[in-house]
Amino acid sequence: MCKNVIKGARDMTDTTFQEETIIRTSGSHNCGGRCIVKAHVKDGRIVRITSDDERPDTDKRPQLRGCLRCRAYRSYLYHEDRLKYPMKRIGKRGEGLFERISWEEALDTIADHTKRIMAEYGPEAIYLSYATGNAGKTSEQVWMRRLLALYGGYLDYYGTYSSACTNAATPYTYGTVNSGSSREDWVNSKLIILMGFNPAATIHGTNTAYYLKKAKEAGAKIICIDPLYSDTAVALADQWIPIRPTTDSALLDAMAYVIITENLQDQVFLDTYCLGFDEDHMPEGIPAGNSYKSYILGTGTDQVPKTPAWAERSTGIPREIIIQLAREYALNKPGALIQGFGPQRHAYGEQPPRSGAALAAMTGNIGIKGGWASGCGSPCRKQYVGSIPINNPCKAAISMYMWPLAIQKGTELGKREGVRGVDKLSANIKLIFNLAGNCLINQHSDTNGTAELLGDENLAQFIVVSDHFLTSSAKFADILLPGDNFMEREDIVLPWSAGDYVLFMNKAVDTVYECRNGYDWIRDLAERLELTAEFTQGKTLEDWLRFIVDETRKENPGFPSYEEFKEKGVYDWEYEEPAIAFKEQIEDPRHHPFPTPSGKIEFFSSRLWELDKPAEVPAIPKYIPAWEGPEDPLRGTYPLQCIGHHTKRRVHSMFDNNDWMEEAEAQVFWISIYDAKKRGIKNGERVCIYNTRGKVILTAKVTPRIMPGVISIPQGGWWSPDKEGTDQRGCINTLTKYQPTPLAFANPQHTNLVEVAKLDQMEAEK
Amino acid sequence: MSKQIAFYVEQKHCMGCSACQIACKDKHNLPLGQNFRQIHAYEGGDFTISGNVVYQNTYAYWIPVSCNHCVDAPCIAVCPSKAIFKRQEDGLVLINEKSCIGCRRCFAVCPYQAPQFDAANGKMKKCDFCQDLLQQGTAPACVSACPMRVLGYGELSELQKKYGDTSWVKGLPNTAKIKPAWVLVPHRDAVDV
Ligand code: SF4
Ligand code: SF4
Ligand code: SF4
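Treat the numbers as computed from the prediction; the structure is a model and nothing was measured.

How each quantity is defined
- Residues numbered from 1 in each chain as written.
- Chains lettered and ligands numbered in written order.
- Predicted model: local features only at pLDDT ≥ 70, side-chain atom pairs only at ≥ 80, totals over all residues.
- Heavy atoms only, no water.
- Axes fitted to C-alpha atoms, helices over the stretch in contact; angles between N-to-C directions.
- Helix = DSSP H or I, 4+ residues; strand = E, 2+ residues; numbered from the N terminus.
- Parallel < 35°, antiparallel > 145°, perpendicular 65-115°, else oblique.
- Left-handed = near helix turned anticlockwise from the far one by under 90°.
- Contact = heavy atoms within 4.5 Å.
- Nonpolar A, V, L, I, M, F, W, Y, C, P; charged D, E, K, R; others polar.
- Near = heavy atom within 4 Å.
- Pairing = 2+ DSSP bridges.
- Disulfide = S-S within 2.5 Å.
- Buried < 20%, exposed > 50% of the residue type's maximum accessible area, 1.4 Å probe, protein only.
- pLDDT = per-residue confidence, 0-100.
- Polar contact = N/O pair within 3.5 Å; in protein donor to acceptor, adjacent residues only side chain to side chain.

**Student:** Got a minute to help me understand the packing of helix H3 (residues 103-121) of chain A against helix H17 (residues 518-528) of chain A in this structure?
**Tutor:** All names here are of chain A. In the contact formed by H3 and H17, the axes pass within 9 Å of each other and the chain directions differ by 55 degrees. The angle between H3 and H17 places the two elements in the oblique class. Pair H3 / H17 crosses with right-handed handedness. Within the contact between the two elements, H3 uses Trp-103, Glu-104, Leu-107, Asp-108, Ile-110, Ala-111 and Lys-115 and H17 uses Trp-521, Asp-524, Leu-525 and Arg-528. Considering only residue class, the contact of H3 with H17 consists of six nonpolar, no polar and five charged.

Shown next, in the form of structure tokens:
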């Protein structure tokens, strides 16, 4: 065991001998980071939480310091509202009325429904919904997948609510999503442009903001393009360029226009490595006028030059700033244009990642030190860590966002709706397992519409939820199970994004009440499905963790033994140099083609061309004005664009009910001083935000830190409708629209038009 | 000059993340409403809208603030029960809970609202520089928590030699007289250029 005993840690002068045990663990939620967390345990209770403060804090291996959320975990762990027992629903679905039952009864009921639905409808009627509350290697999700796979299969999903568009789109340019270099390399950049990227709040890899600070100290200029003057911008930016949501591609198009017309592009790079930049480098058989350059200059099909004056209308960015930005990026090489995930969570979110990659290629910033290939930016250097074997015999998969349609009319969905693995689904979804997730309602679009859908018991016949609290999604459970949390279990976790390490989570304290670990109860469920032997292979949870370490060791000769890994809690892969994405492809293109069909960086994608949906999925990246974007005539009625930024105080919807976090940052929405003044709204006033889909009542933060014409409701507030259905907590999805994006079939969460009004005005209008 | 321990705050790169505040809250078991370290937010500026485009001169910054163990601490002077004292060996300003009568005069006179009233026992509490951790040779909870590494500590004169002697930025009350024991590296918007 990894125990450090500190004698008299609390007070050296205290005469009573006190002993604290320090347990090394890590968060396993979907927070953006993965840090070393140390639980100080005394008499079976956690009395303090610290982070990485003993290992040397070096340039090569900075400490993995945690953020406020894991540090405040005591107020989560010991929260009086924790779910304590299994329960069954007694009220209407979604009403939130439950009655305590035994684990026996809960598991019997789940087993009966699973058997019935599998027999009646087959595996494609059983859906494991997108859930990331537990991202460990041996989470409930993993075990349920394993069990259902053994039982006959389940309908799978692909994509994530975070990054579906960039995951789908970036490979059309690069052939991979792994377009990110190591963050240690940012010190080599002269210019860093952060586009909708706010690691101060989203973390986006433990230490990411710190790496940016180091880059700045090394001389990089940092420019933030964001509707918000983000926390990252406050701490690091030399310049803030506010931009209207959904218009990032318009800005990038106009930057391309400046670069081309001023002849600042790296033509040798384009000629050597790229396909489709200009008419001389197009795939065969494509009619003239379809290259990227023709589109930008307006000599192609649309005859509209994408000038800074053109872009200024949609983006709200003055043309002289666009010109300055384009020149700066083209002339200050190496430069890193880094895109966050916010700009791709919109109606045509597939475009910005490809537009960004186009700019990186035009400036020759790919494959070099201090550059950045843009696009998705997942780390290009990855290490192998073993996994629990899952062999799903059911090949069907939908986009993680398409499940409401699969509930309503699954059998009508096929390839055109993004179904993978089969031509058409054979069943509608009838059984949902939502384990440690809040996407069933809160983090999905259109809470009111979704609630209505889930309320119909003829459609989704049975819903199982496991969680720590009675979240908005948990209210829709038929059987609600109390899960253990990360202080109460052992697991192995990987960095959320970047970082060359893996962590062992040691158990700090015993699980409380009747909360149970996923392996325990899913094993009991396996028994009811007569699959115990197949499911467990005779292994305990610890045996499985050993199995993962053994698998990992096979691929990584230096990897420690299970005992050593567990004791140290962390293993670092060590490298001489930062990894540079696409270094080989650039240095030696003959032997290292890009993993695209042409082997080139594809400005023009023949695969997209063949989809034949040019208005929504063009073969080259284009700005496509969004429905409910700044150019939608609906703005006459609903003049404000509403987005939902991530805040430091929550992990998506986790910690919303935590008062330490509420104290650190209250749930308020941001409105510019300009728009607030127009409406007579004061800072701290509770007002109503509404559109045709719903109403939210929330406190206003009137601030110069958000662009006029835009408001932002920090995403993750728990949907709390009153009797009239008006949300009282600020769940942005009360206002979002359920409309999948055209290529990724993904969530367009930041595409909403709304109006904001004072409460007395709303009353008067009634 | 006698010994004076002090905080170093590279305020220009503070991202307002509150990790220091929560690390402190957790370490000292502080209930809601009490924080020995707090993140003060400042913002200002305005927009000009011209046709379709937006111009801004927005500024914003944070100041992470705790008790700064002032060299000439006014809280000591106003305390009627002599509960607050300055420890000679390291210059820490500490509260002797036994003598504190909870009159809150120290709070009123402190430019940073550092002393916190504990309703549970009617006494004042405040940052003690994690003296137990110092004794073990480790950094105060807030310092080792900061993910941006903008917090530090050391002997005041040495910090001043290294980082200059700025102890005030825009937004803070005038503290020239009381000589707070911290060294600030100011945010670009928190100083007049
Ligand atoms: S980034 Fe994640 S793992 Fe790290 S401390 Fe914060 S919540 Fe915990
Ligand atoms: S900061 Fe406030 S409480 Fe601390 S020594 Fe100065 S006046 Fe006293
Ligand atoms: S932890 Fe550091 S960056 Fe975060 S608020 Fe405190 S001083 Fe600022």
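There's more to say after this.
**Student:** Where do I start with the site of ligand 2 in this structure?
**Tutor:** Taken together, 13 residues surround ligand 2, and among them Cys-67, Asn-68, Cys-70, Cys-75 and Cys-110 of chain B come closest. The residue makeup of the shell around ligand 2, split by class, is 10 nonpolar, two polar and one charged.

**Student:** So what exactly am I meant to see when it comes to the sheet that holds strand S10 (residues 151-155) of chain B here?
**Tutor:** What links the strands of a sheet is backbone hydrogen bonding, and the strands pair in either a parallel or an antiparallel sense. All names here are of chain B. With respect to topology, three strands assemble into an open sheet ordered S10-S1-S11, the strand pairing being mixed. Of all strands in the sheet, those bounded by a partner on one side alone are S10 and strand S11 (182-184). Sheet twist, expressed as the mean angle between neighbouring strand axes with direction ignored, is 25 degrees. As judged from the three bridges shared by strand S1 (residues 5-9) and S11, these two strands associate in the parallel manner. Its bridge partner being in S11, Val-9 is matched across the sheet by Leu-184.

**Student:** Explain the site of ligand 3 to me, please; I cannot follow it from the model alone.
**Tutor:** As a structural note, the neighbourhood of ligand 3 is formed by 14 residues, with Cys-14, Cys-17, Ser-18, Cys-20 and Cys-146 of chain B the closest of them. Across the shell around ligand 3, the residue classes break down as 12 nonpolar, two polar and no charged.

**Student:** Quick question: what am I supposed to make of the state of the cysteines here?
**Tutor:** What makes a disulfide is a covalent bond joining the sulfur atoms belonging to two cysteines. Residue and element names in this part refer to chain A. Taken as a whole, this structure holds zero disulfides over all chains when the rule is applied. With no disulfide partner, Cys-439 has as its closest neighbouring cysteine sulfur the one in Cys-731, 11 Å distant. Classification of Cys-439 by relative accessible area gives buried; the value is 8%.

**Student:** Mind showing me how you'd approach the packing of helix H9 (residues 248-261) of chain A against helix H12 (residues 308-315) of chain A here?
**Tutor:** Any two packed helices are characterised by the angle at which their axes cross and by the distance between the axes. All names here are of chain A. Where H9 contacts H12, the two axes come as close as 9 Å, and the packing angle between them is 165 degrees. With respect to H12, the element H9 is oriented roughly antiparallel. Viewed along their axes, H9 and H12 form a crossing whose handedness is left-handed. Contacts between H9 and H12 involve Ala-250, Leu-251, Asp-253, Ala-254, Tyr-257 and Val-258 from the former and Pro-308, Trp-310, Ala-311, Ser-314 and Thr-315 from the latter. Its residues placed into classes, the contact of H9 with H12 shows eight nonpolar, two polar and one charged.

**Student:** I keep staring at the confidence of the model for chain B and nothing clicks. Help me out?
**Tutor:** In low-pLDDT regions, the fine details of the predicted coordinates are not to be read closely. The pLDDT averaged across chain B works out to 96; a share of 99% of its residues lies at or above 70. Interface confidence in the predicted complex, given as ipTM, is 0.97; pTM for the same model is 0.96.

**Student:** Is there a simple way to explain the environment of His-113 of chain A in this structure?
**Tutor:** Residue and element names in this part refer to chain A. You can see His-113 is positioned in helix H3. Note: C-alpha distance between His-113 and Phe-462 (349 residues apart in sequence) is 7.2 Å. A polar atom in the side chain of His-113 sits 3.1 Å from the side chain of Arg-116.

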